[in-house]
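Results of the structural survey
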Amino acid sequence: MIKVRWTGAAGLEFITDQDVFLIDPYLSRLGKFQMFFQRVSANTDVIEEYLENLPSKPSGIVISHTHADHALDIPFIAQNSKCQIVGSKSLDSLLKMHGLLNRVIVCESDNGHEPIELGDNVSVVMIPSVHGKAIFGRVPFPGEIDPNETLPMKASGYRHGAVFISKIKIDDITFMHLGSADYIESQLDGHTCDVLFICVPDWKKKSGYTSRLIDIVQPEVIVLFHFDDFSRVISKTGRTPILPFQDISGFIGEIKKHTPKVKIILPEINTDLGNELF
Ligand SMILES: [Zn+2]
């Protein structure tokens, strides 16, 4: 049985009988003032507590792109585990800046379609993608992370680098992770999944965002995510703080109109979705 949790922002956690796999773990949840005006550092106490509560150290971590809400925590997590890390050249630069050499299986925009083994019956395919137009119709912080930057960087130093949709296969179940609201149709050709995790913010900025995607990847279950206000801390019992102006019900309506039979899940952060998914 696989346990699956959304851990906030674009973070996913998969726990199998033997292993733990993570995508885009971002536990620090720094406040808005720090994100916009200060240099940013991972909240190591929060990450340590998170790692201690896992049944084992992560065996594999996948990073979709290197914006701070996807990659800020990864150097500290990498220092505390020996696992395989899959991501972009920018991610490799970021880890090297932290003294972590040769830790990343680097995927480029043109070599992303080969499956990478992460463990027994677990593999990931990195599908080249593009970032959504998240701020005033523009892609925030484009380009590569500059390895000559001084640490700690401002959030703006966390350039997105190459952007990927990851397709992770665990046993016979295929999960697709869309961590930003855009994609390249031709790159998705031939890629289907059982469970699609779909980024909600900015869904209106790409015409046909849901319909074309669903037609191509044909999911049985769609899980909405990345709609939380990740500048707010999650209390142990608290509900997910939601970003304003997302029109989540409109988004669900779009999906239902196009694909009435698909199962749609609007999850709470840190809730095991296993029973709902399988
Ligand atoms: Zn981003």
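See above for the structure.
Residues numbered from 1 in each chain as written. Predicted model: local features only at pLDDT ≥ 70, side-chain atom pairs only at ≥ 80, totals over all residues.

A short note on the sheet that holds strand β5 (residues 84-87)
Sheet strands line up and pair through hydrogen bonds in the backbone, either parallel or antiparallel. Threshold: One bridge is not enough; two strands pair if DSSP finds at least two bridges between them. Numbering of helices and strands runs from the N terminus, with a helix taken as a DSSP run of H or I at least four residues long and a strand as a DSSP run of E at least two residues long. Note on geometry: axes are C-alpha line fits, over the in-contact stretch for helices, and angles between N-to-C directions span 0 to 180 degrees. By definition, residues are in contact whenever their C-beta atoms, placed on the basis of the backbone, come within 7 Å of each other.
A sheet is described by the order of its strands in space; here six strands give the open sequence β1-β2-β3-β4-β5-β6, paired in mixed fashion. Taken across any chain shown, the strands that pair with only one partner, and hence form the sheet edges, are β1 (3-8) and β6 (104-106). Pairwise comparison of adjacent strand axes, ignoring direction, gives a mean angle of 20° for this sheet. Together, β5 and β6 form the strand contacts of helix α5 (residues 89-97), whose direction differs from that of β6 by roughly 150°.

Focus on helix α7 (residues 209-217)
In plain terms, the rule: Residues with at least 20 other C-beta atoms within 10 Å of their own are called buried, those with 12 or fewer are called exposed, and the rest are partly exposed. The C-beta atoms themselves are positioned from the backbone. Along the arc lie the directions from the helix axis toward the C-beta atoms.
The complete set of buried residues in α7 reads Y209, T210, L213 and V217. An end-on view of α7 places all buried positions within 80° of arc, on one side of the element. Of the surrounding secondary structure, the elements contacted by the buried residues of α7 are β10 (173-178), α6 (185-188), β11 (195-199) and α8 (248-258). Two residues or fewer past α7, Q218 is found with a positive phi of approximately 50°.

Some thoughts on unusual backbone geometry
Of the consecutive residues L151 and P152, the connecting peptide bond is found in the cis state with omega at -10°. Among the structural elements, P152 can be located in the loop between β8 (122-129) and β9 (163-170). One non-glycine residue with positive phi stands out, namely D24, at about 45°. Summarising the element assignment, D24 is placed in the loop between β3 (20-23) and α1 (32-37). Of note in the backbone geometry, N102 takes a positive phi value of approximately 55° without being a glycine. Secondary-structure assignment places N102 in the loop between α5 and β6.

Focus on the pairing of β11
Counting buried residues along β11, five of its five residues qualify, which places the element largely inside the surrounding structure. Where β10 and β11 come together, four bridges link them in parallel fashion. Its bridge partner being in β11, F175 is matched across the sheet by V195. Here β11 pairs with strand β12 (residues 221-225) via five bridges, running parallel.

Thoughts on the environment of D189
Mapped onto the elements of the fold, D189 is located in the loop between α6 and β11. D189 gets classed as exposed once you count the C-beta atoms within 10 Å, which come to 9. Considering only alpha carbons, one finds D189 and V217, 28 residues apart in sequence, at a separation of 8.1 Å.

Thoughts on the environment of K133
Inspection of the secondary structure puts K133 in the loop between β8 and β9. Separated by 68 residues in sequence, K133 and P201 have C-alpha atoms that sit 9.8 Å apart. Among residues more than four places away in sequence, those in contact with K133 are R138, V139, D202 and K205.

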